[in-house]
Amino acid sequence: MSNRVFVIGVGMTKFEKPGGRDWDYPDMGREAGERALADAGIDYSLIEQAVVGYVYGDSTCGQRALYELGMTGIPCINVNNNCSTGSSALYTARNYVRGGIADCVLALGFEKMERGSLKGHFSDRTPPMKRLIKEMWGRRERAEAPVAPQMFGNAGREYMERYGATRETFAKIAVKNHRHSVNNPNSQFRDEYSLDEILAAPMIYDPLTKLQCCPTSDGGAAAVLASERFVREHDLWDQAVEIVGQAMTTDTPETFDGSDMGIVGYHYAKKAALMVYEESGLGPEDVQVIELHDCFSANELVTYEALGLCEPGKAHLLVEEEATTYGGRWVVNPSGGLISKGHPLGATGLAQCAELTWQLRGTADKRQVPSVKAALQHNIGLGGAAVVTMYTKASR
């Protein structure tokens with residue numbers, strides 16, 4: 001039996017600020033799911049399994065969202081893996097198909113978020129990131145800023161201390177991603193900013209200003225995955241995109257090796273990328289477009305090295321050379337990334353999948369990267385998990 005897995009349909013909602021639209025998570029799931037099914041050109045009755053991702057919600061929100069698409073009695077697995085939840089749903093769905101358990105699986109993700117920075121909701125148990133936070137505050141002075149900007153901001157500080165990057169380096173990443181989002185109708189923000197405007201925005205945690213931080217967002221995204229047999233029987237080759245490599249990794253002892261970059265997932269992201277390159281037989285040099293987890297501009301810079309786009313200490317040179325935008329070596333976050341497109345936790349990884357699927361099909365409109373043959377995705381959640389995925393155009 002073939003173990004090839006294809007994305008045959010994708011869909012997403014426009015990402016919105018919390019409370020900016022009168023809707024709830026079932027509406028998000030319905031809108032994203034219906035769009036993915038329509039894109040695949042199949043009926044919901046052909047879906048054999050569903051994996052639904054969200055972070056904030058009760059235990060069977062996935063089933064409630066699926067009611068909007070149909071009640072066919074299929075198994076539904078609910079996934080929560082912090083900010084990598086959407087790609088964790090994708091990873092699980094791929095394994096169902098790859099393992100021969102199902103021929104057609106829906107991966108769905110959504111989030112209805114509270115305004116403001118992320119915070120815990122259970123005060124009567126150990127916070128899952130307590131050890132990471134304790135590690136950070138053992139080396140860096142505790143600040144009044146929200147914890148997430150401190151963690152990623154400290155990774156940026158460490159990079160500056162080691163390699164000489166500047167505040168302007170991080171701000172230039174935000175300039176790029178905001179500029180990219182102007183052409184994305186699904187993006188929460190579609191405003192372009194100058195370097196001076198990015199630097200002059202309110203400081204959240206040095207070196208990160210507000211315009212270098214992802215917002216909280218509401219929204220949904222979905223992908224339909226299928227086996228080679230399903231693609232062949234339904235003649236879906238023209239729209240199919242193949243997942244040729246994928247890996248999920250979690251924390252190792254290296255996370256606590258005394259590095260701020262390690263705390264925010266550098267080591268396990270690097271490990272996942274290496275596993276994907278081995279499985280796919282492709283490397284960064286074969287890729288034209290990348291969607292990566294730029295929850296803060298500092299993390300995009302660190303991730304360049306984790307994904308092997310450059311040697312250690314050279315990531316800031318990619319920014320200065322404009323190697324990660326149109327006309328450069330890669331186009332990174334053509335969607336606008338998390339910084340501008342938005343970050344509804346359960347939907348983010350699947351929205352990245354959607355963007356890369358459109359890029360490989362050549363249907364990304366004004367965002368289209370020329371001659372895309374391979375695309376790379378990176379999505380992380382602290383506490384921790386990284387999912388890295390390689391996509392190519394489908395071949396019979």
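Scroll up to find the structure.
Residues numbered from 1 in each chain as written. Predicted model: local features only at pLDDT ≥ 70, side-chain atom pairs only at ≥ 80, totals over all residues. Heavy atoms only, no water.

Peer 1: How should the pairing of strand E4 (residues 104-111) be read in this particular structure?
Peer 2: The buried count for E4 comes to 8 of 8 residues, which makes it a mostly enclosed element. Every second residue of E4 is oriented toward a common face, with Cys104, Leu106, Leu108 and Phe110 on one face and Val105, Ala107, Gly109 and Glu111 on the other, all of them buried. In this sheet, E4 lies alongside strand E2 (residues 49-53) in parallel orientation, the contact comprising 5 bridges. Counted as the bridge partner of valine 52 is leucine 108 from E4. Sheet topology note: the E4/strand E7 (residues 219-227) ladder contains 8 bridges and is antiparallel. (Buried < 20%, exposed > 50% of the residue type's maximum accessible area, 1.4 Å probe, protein only. Helix = DSSP H or I, 4+ residues; strand = E, 2+ residues; numbered from the N terminus. Pairing = 2+ DSSP bridges.)

Peer 1: Mind showing me how you'd approach the side chain of glutamine 188 here?
Peer 2: Relative to the elements of secondary structure, glutamine 188 occurs in the loop between helix H6 (167-181) and helix H7 (195-200). Reaching out from glutamine 188, the side chain makes a polar contact with the backbone oxygen of threonine 216 at a distance of 3.4 Å. Each residue touching glutamine 188, except ones within four places of it in the same chain, is listed here: Lys14, Phe15, Glu16, Lys17, Pro215, Thr216, Ser217, Ser340, Lys341 and Gly342. (Polar contact = N/O pair within 3.5 Å; in protein donor to acceptor, adjacent residues only side chain to side chain. Contact = heavy atoms within 4.5 Å.)

Peer 1: Would you mind showing me how to read the environment of valine 105 here?
Peer 2: When you line up the elements, valine 105 lands in strand E4. Counting along the chain gives 19 residues from valine 105 to aspartate 124, while the straight-line C-alpha distance between them is 37 Å. Among residues more than four places away in sequence, those in contact with valine 105 are Ile47, Gln49, Ala50, Val51, Ala93, Tyr96, Val97, Ala223, Val224 and Leu225.

Peer 1: Just to check I follow, could you spell out the pattern of salt bridges for this structure?
Peer 2: Any two side chains of opposite charge can pair if their charged atoms end up close together. Applying the stated criterion across every chain, the model contains 22 salt bridges. Across the pair arginine 30 and glutamate 68 runs a salt bridge whose closest N-O atoms are separated by 2.9 Å. Of this pair, arginine 30 sits in helix H1 (residues 25-40) while glutamate 68 sits in the loop between helix H2 (61-67) and strand E3 (76-79), placing them 38 residues apart in sequence. Arginine 30 sits in the partly exposed class, given a relative accessible area of 28%. (Salt bridge = Lys/Arg side-chain N within 4 Å of Asp/Glu carboxyl O.)

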